[in-house]
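# Tertiary structure, described
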Amino acid sequence: MALETAEVRISTSWQRPENKWLAAFAEFPVANIGDAMERLNMCDGGIVPVSSNTAFVGFALPVQVTAGDNAAVIRALDYIQPGDVMMINGQGHIDRALVGEQLTQRFQHAGAVAQVIDGAVRDRSVIESTGLPTFCRGTTPAGPFKNGPGVIGEPVAIGGVVCCAGDIVVGDDDGVIIIPFWRAEAVLAAVQEVARREAEMTAEVTRQYK
């Protein structure tokens with residue numbers, strides 16, 4: 001089966017929230033956001049950065065694939081909008097890379113701000129040179145199949161966390177957290193309070209030990 005005939009189901013539509021939410025959450029580290037979310041919704045520790053460029057915030061564009069097959073990932077190029085984060089559920093399979101230098105560069109040129117893959121990548125040095133924050137479960141030189149099936153725009157699981165189209169995704173050196181958009185306002189208020197308390201504790205330590 002060729003890529004052109006691969007069966008890929010595409011959600012009829014999904015909403016991307018206003019960009020103001022990206023600026024709002026960009027102020028806070030993942031750890032603080034996690035504390036504000038009952039220490040839940042963080043991708044498991046197996047999803048790690050493959051480069052030194054880790055900080056990002058964007059809206060989730062979820063993709064589901066068959067293990068070792070990236071037909072749906074390639075099709076997703078037609079649906080990326082600026083500010084999107086490619087959230088790819090590769091079934092945790094790390095024997096074949098779902099993304100390499102070619103797709104990474106195309107995602108970036110289409111406006112994606114990061115890619116998070118519950119699976120493997122390859123061409124690590126080139127990916128790092130692009131500056132696109134990239135998190136994954138492993139690396140391998142083996143390329144993928146392109147037969148399908150796959151799904152674009154429907155909920156997926158990434159690192160043990162459910163991710164829906166339009167959810168807010170934040171990443172940094174510590175890892176990745178997913179904020180369901182329906183919770184965005186409450187989580188923002190909570191993380192602002194967390195950050196305030198952290199600042200007070202830091203100031204107290206500074207006074208005690210200076």
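Our subject in this report is the structure included herewith. (Residues numbered from 1 in each chain as written. Predicted model: local features only at pLDDT ≥ 70, side-chain atom pairs only at ≥ 80, totals over all residues. Heavy atoms only, no water.)

## Brief notes about the environment of Ala157
Along the chain, Ala157 turns up in strand E9 (residues 156-158). Residue class for Ala157 comes out partly exposed when judged on its relative accessible area of 36%. Sequence separation of Ala157 and Pro62 is 95 residues, and the distance between their C-alpha atoms is 8.9 Å. Look past the residues within four positions of Ala157 in its chain and what remains in contact with it is Asn89, Asp118 and Val162. (Helix = DSSP H or I, 4+ residues; strand = E, 2+ residues; numbered from the N terminus. Buried < 20%, exposed > 50% of the residue type's maximum accessible area, 1.4 Å probe, protein only. Contact = heavy atoms within 4.5 Å.)

## What to know about the pattern of salt bridges
By the definition in use, this model includes nine salt bridges. Here Arg137 ties to Asp118 by a salt bridge, and the two come within 2.6 Å at their closest N and O atoms. Of this pair, Arg137 sits in strand E7 (residues 134-139) while Asp118 is found in strand E6 (residues 114-121), placing the two residues 19 residues apart along the sequence. For Asp118, a relative accessible area of 7% translates into the label buried. Put simply, Arg197 and Glu193 hold a salt bridge, and the shortest N to O gap is 3.6 Å. Taken together, the residues Arg197 and Glu193, both in helix H6 (residues 184-209) and four residues apart, mark about one turn of the helix. Looking at Arg197, the relative accessible area reads 39%, which means it is partly exposed. (Salt bridge = Lys/Arg side-chain N within 4 Å of Asp/Glu carboxyl O.)

## Remarks on the pairing of strand E4 (residues 84-89)
For E4, a buried count of six out of six residues is recorded, marking the element as mostly surrounded by other parts of the structure. Burial along E4 is two-sided: the face carrying Asp84, Met86 and Ile88 and the face carrying Val85, Met87 and Asn89 are both buried. Relative to E4, strand E3 (residues 56-65) runs parallel, the two being bridged by six bridges. Across the sheet, the residue bridging to Leu61 is Met86, located in E4. Here E4 pairs with E6 via five bridges, running parallel. Residue Val85 lies in a different strand from E6, and its bridge partner there is Ala114. (Pairing = 2+ DSSP bridges.)

## Describing the side chain of Asp69
Its place among the elements puts Asp69 in the loop between E3 and helix H3 (71-75). With no salt bridge to any partner, buried Asp69 finds its closest opposite charge in Lys146, at an N-O distance of 7.7 Å. (Lys, Arg positive; Asp, Glu negative; His and termini not counted.)

## What to know about the nonpolar core
Core analysis: the biggest nonpolar cluster contains 24 residues, and Val63, Val73, Met86, Ile88, Val99 and Phe107 have the highest contact counts within it. Listed by contribution, the elements that provide at least two residues to this core are E3, H3, E4, strand E5 (97-99), helix H4 (101-110) and E6. With three residues, E3 is the single largest residue contributor to this core. Setting aside its immediate chain neighbours within four residues, Val99 contacts Val73, Ile88, Thr104, Phe107, Gln115, Ile117, Ala120, Val121 and Arg122. Ranked by size, the runner-up nonpolar core spans 20 residues in total, among them Ala36, Val57, Ile177 and Val191. (Core = buried A, V, L, I, M, F, W, Y, C linked by side-chain atoms within 4.5 Å.)

None of the figures reported here should be taken as evidence of function without further support.
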